[in-house]
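Spelled out from the first residue to the last, the chains are:
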There are 2 protein chains.
Amino acid sequence: MAKAAGVSRQTVSRALNDLGEISPGTRARVMDAVAALGYRPNMFARGMKTRRSDVVGLVVSDIANPFYPSVARGVFDAARERGWNVVIYNTDADRDREAAALVDLVDRGAQGAVGFFYALPEEELAGFAASLPLVVADRRLTNPALSVVSADFVGGTETAVDYLVSGGHREIGMLDSGVGLAVDERRDAFVEAMARHGLDASASVVVGSPDLAGGAAATRALLAERPGTTAVFGFNDLMALGAVRALRELGVAVPGGCAVIGFDDLEFSQYADPPLTTIHSDKHEHGVLLVRTLDDLRPDGKGGAAAPIRISMPVRLVRRTSA
Amino acid sequence: MAKAAGVSRQTVSRALNDLGEISPGTRARVMDAVAALGYRPNMFARGMKTRRSDVVGLVVSDIANPFYPSVARGVFDAARERGWNVVIYNTDADRDREAAALVDLVDRGAQGAVGFFYALPEEELAGFAASLPLVVADRRLTNPALSVVSADFVGGTETAVDYLVSGGHREIGMLDSGVGLAVDERRDAFVEAMARHGLDASASVVVGSPDLAGGAAATRALLAERPGTTAVFGFNDLMALGAVRALRELGVAVPGGCAVIGFDDLEFSQYADPPLTTIHSDKHEHGVLLVRTLDDLRPDGKGGAAAPIRISMPVRLVRRTSA
DNA sequence: GTGAAAGCGCTAACAC
DNA sequence: GTGTTAGCGCTTTCAC
């Protein structure tokens, strides 16, 4: 026991946990002893009483998709400021795994959970939000118990479509992500943006996995069905890059024969051939905001049932040469 | 208590932990009750006795560097097979943070730690290996208490140099990573490989941060010092890509004016302009092997002091058009 | 094959 | 401002 070293017993506890009722001198003495003996409080015993641990959960569908590491970096940086460790859950957008991640996090007494949930229905998420602070990323939610931090996909989609249309394109296709059930949000944004220009794009949306291969496959499907397509808008940069690849294999030049525009602006996209025109979002800031929003949830007691926080992060067009 | 549901008390414990001394019937009844009541064992209480938790730690220097997520994906997949969660530590190659990660992991009673340690000296790593199963990635280590799974950097470097030399290059520069203290390993491999061709490259190695910007900066420095350079070998694909960018800004064509070759073969590298010639390694498998090696460490009791495991993963040249 | 008792190392509540 | 007591929910002996 550190008791032997200093003088007291769980005065140590008082010192370590910064409870007011302790004299500066005693506290200093304890801290010295702690440092000298290399004492480490047992996190299990502590958790047993407090039912909390200094951990925050980050839920993503595929850590190998470079989009997520970028926001993860923001989550790490923000977590570090708070003295939290971060446990990451890779769900592959599977409903059970998304749920399992959340269950584990409440078991752990985590400080909160943030992440991308593509499969869990809104009501279930709301249920979890009652057990721990939860902030959902990139999803349109209506349940008042849920807080969200999303890139402005609707605005970004409008920007992309406007840009393409202003470039003379009318036969524009969209490569949508086929994972989870959140699909419609983005598809709707696209169809809507097209409708503003008097264009009916409801039949020009084709889905695929949100990665390079999925983008390529979706592009082939799109062109087979609508050979007149002169521009494609990707759900993300990965799909857009896959489109470029597929287009070339089909013998169509980019952007000459068909323009391509992405979403996210991965660091790499500017190095692509051709450099990808895309909708930029600040991924690091997204991660930071996700955990910062956790702070705002806490004071209320539980999951912010009172006033859900809904943050929309601005995005902007980055013109390069693919469109 | 689940006791009320079933019949007994910590017969529940026996059932849950699969201890032999229990009748199949009782066990089934308990499991049913557990499922019905949605009972979740308290991990803190359990950890208090066992001093273990089903967690594995992954230590990386920068999760936003796309190399790490690729191996992380392998770590996740392997961890999932074992029912482990993974907590990731982002160290920025800082010695204290590398140590803090390991300290936290032993506090947590983690099943093990794997990762990239660039700053912690070998002896300190060995110290930690006595407290938990530890597998170090991509580093040449001599301490018998330490196990390692590394991509074959020496072999890959030879391959790259041989390839460049066979292409007629003699003035070859290397862009080395400036993080951590493991620098010399790779630099040495390069100088050595060059020496085999009778080339003295000791003055052609320039360091930078192991990312796009670092590669660009290092390249500018290299060319300023050795204008005759006709080929550069990057520590990783990121630096190589940065080199391509810098070269172009300097008005030198790639590979016409200067060839570039990378290391790792990130998924993106084939989409780069020009597609990057590089040394390929199986990053997913690297992650899988890292945690699999943890299994091999466990039986021995502690950190495998008896027989250190040293795995070298094969790499191969992928010819594209940058070199 | 199953129950009973002890104790892991903390923090909270209360006495001093 | 500091010491004492109790108990968090498990797993581990040890009886039976």
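Note that the structure is a prediction, hence the values are computed from the model and not measured. (Residues numbered from 1 in each chain as written. Chains lettered and ligands numbered in written order. Predicted model: local features only at pLDDT ≥ 70, side-chain atom pairs only at ≥ 80, totals over all residues. Heavy atoms only, no water.)

1. With respect to the overall build of chain A
Definition in use: Segments assigned H or I by DSSP are reported as helices when at least four residues long, segments assigned E as strands when at least two residues long, and all are numbered from the N terminus. Each accessible area is a Shrake-Rupley estimate made with a 1.4 Å probe; only the visible protein chains count as cover when residues are assessed. The charged-residue count follows a simple rule in which Lys and Arg add positive charge and Asp and Glu add negative charge, with His and chain termini not counted at all. Taken as the charge location is NZ of Lys, CZ of Arg, CG of Asp or CD of Glu.
Of regular secondary structure, chain A possesses twelve helices and twelve strands. Overall, the C-alpha framework of chain A stretches about 85 × 40 × 30 Å when taken along its three principal axes. Of the roughly 13,000 Å² of accessible surface on chain A, a fraction of 51% belongs to carbon and sulfur atoms. Side-chain charges in chain A split into 34 positive and 40 negative, and the spacing between the mean points of these groups amounts to 8 Å.

2. A look at helix α12 (residues 283-297) of chain B
Residue and element names in this part refer to chain B. We apply this condition: In this scheme, a helix's expected span is set at 1.5 Å multiplied by one less than its residue total. Throughout, exposure labels follow a simple rule: accessible area from a 1.4 Å probe, protein chains only, divided by the maximum for the residue type, with under 20% read as buried, over 50% as exposed, and the rest as partly exposed. Polar contact criterion, stated in full: a pair of N or O atoms within 3.5 Å, where within protein one must be able to donate a hydrogen and the other to accept it, and residues adjacent in sequence count only if both atoms are side-chain atoms.
Taking 1.5 Å per residue as the helical rise, α12 with its 15 residues ought to reach 21 Å, and the 21 Å between its terminal C-alpha atoms agrees with that figure. Inspection of α12 places K283, H286, G287, V288, L289, L290, V291, T293, L294 and L297 among the buried residues, and these make up the whole buried set. One side-chain oxygen of the residue at the start of α12 lies 3.3 Å from the amide nitrogen of H284, identifying that residue as D282.

3. Comments concerning the environment of S322 of chain B
Residue and element names in this part refer to chain B. Keep this limit in mind: Contacts: residue pairs with any heavy atoms within 4.5 Å of one another.
By the secondary structure assignment, S322 is in the segment after β12 (316-318). For S322, a relative accessible area of 0% puts it in the buried group. Distance from S322 to T278, taken between C-alpha atoms, is 8.7 Å for residues 44 residues apart in sequence. Contacts of S322, omitting those with residues within four sequence positions, involve V254, P255, A259, V260, P274, P275, L276 and T277. Of note is the side chain of S322, whose polar atom sits 2.6 Å from the backbone oxygen of V260.

4. As for the sheet that holds strand β6 (residues 172-177) of chain B
Strand pairing within a sheet occurs via backbone hydrogen bonds; the two strands may be parallel or antiparallel. Residue and element names in this part refer to chain B. Here is the rule: At least two bridges found by DSSP between two strands is the condition for calling them paired. A fitted line through C-alpha atoms represents every axis, and for helices the fit uses only the stretch in contact; the resulting angles, taken between N-to-C directions, go from 0 to 180 degrees.
Taken in spatial order, the six strands of this open sheet run β7-β6-β8-β9-β10-β12, and their pairing is mixed. Taken across any chain shown, the strands that pair with only one partner, and hence form the sheet edges, are β7 (205-208) and β12. Along the sheet, successive strands turn relative to each other by an average axial angle of 25°, direction set aside. As defined by bridge partners, β6 adjoins β7 across four bridges and the pair is classed as parallel. In the strand pairing of β7, D176 is matched with V207. Lying over the sheet, helix α8 (residues 153-166) contacts β6, β8 (231-234), β9 (259-264), β10 (277-280) and β12, oriented at roughly 165° with respect to β9. Lying over the sheet, helix α11 (residues 237-249) contacts β6, β7, β8, β9 and β10, oriented at roughly 160° with respect to β9.

5. Examining the environment of S147 of chain A
Residues and elements named next belong to chain A. Mapped onto the elements of the fold, S147 is located in strand β5 (residues 147-151). Of the residues examined, S147 reaches a relative accessible area of 0% and is grouped as buried. On a C-alpha basis, the gap between S147 and T157 in space is 22 Å, while along the polypeptide they are ten residues apart. Setting aside residues up to four positions removed in sequence, S147 forms contacts with L134, V135, V136, L297, P308 and I309.

6. As for the pattern of salt bridges
Put simply, the rule reads: The working definition used for a salt bridge is a side-chain nitrogen of Lys or Arg within 4 Å of a carboxyl oxygen of Asp or Glu.
A full pass over the atoms with the stated rule returns 26 salt bridges over all chains. With a shortest N-O distance of 3.6 Å, E81 of chain A and R82 of chain A are connected by a salt bridge. E81 of chain A sits in the exposed class, given a relative accessible area of 66%. Classification of R82 of chain A by relative accessible area gives partly exposed; the value is 23%. The residue D92 of chain B makes a salt bridge to R97 of chain B at a minimum N-O spacing of 3.0 Å. Exposure remark for R97 of chain B: the relative accessible area of 17% places this residue in the buried category.

7. Focus: the interface of chain B and chain A
Much of the literature gives interface size as the accessible area that the parts lose upon coming together. The line we're drawing: Accessible area that two parts lose when put together, with a 1.4 Å probe and added across both, is what the buried area reports.
On the chain A side, the residues contacting the 42 residues of chain B number 44 residues. Of the roughly 4,200 Å² buried between chain B and chain A on both sides combined, carbon and sulfur atoms contribute 60%. It is F44, F268 and Y271 of chain B that lose the most area in chain B upon contact with chain A, and together they represent 20% of the buried surface on that side. Counting the contacts that link chain B with chain A gives six salt bridges. When the shortest N-O distance is used, the salt bridge between R40 of chain A and D107 of chain B registers 2.2 Å. The tally of links between chain B and chain A comes to 14 residue pairs in polar contact (both at pLDDT 80 or more).

8. Brief notes about the side chain of S70 of chain B
Checked against the element boundaries, S70 of chain B lands in helix α5 (residues 67-81). Discounting residues that sit within four places of it in the chain, S70 of chain B has contacts with K283 and H284 of chain B.

9. Focus on the relation of the copies chain B and chain A
Superposing the two chain copies requires a rotation about an axis and a translation along that axis. The condition that has to hold: C-alpha atoms of residues with pLDDT of at least 70 in both copies form the basis for the least-squares superposition of the copies.
Taken as rigid bodies, chain B and chain A are interconverted by a rotation of 180° and an axial shift of 0.0 Å, the fit giving an RMSD of 0.0 Å. Given the turn and translation reported, the copies of this chain are related as if by a two-fold rotation axis. Counting the interface residues of chain B, we find that 98% of their copies in chain A are interface residues as well, pointing to one common contact surface.

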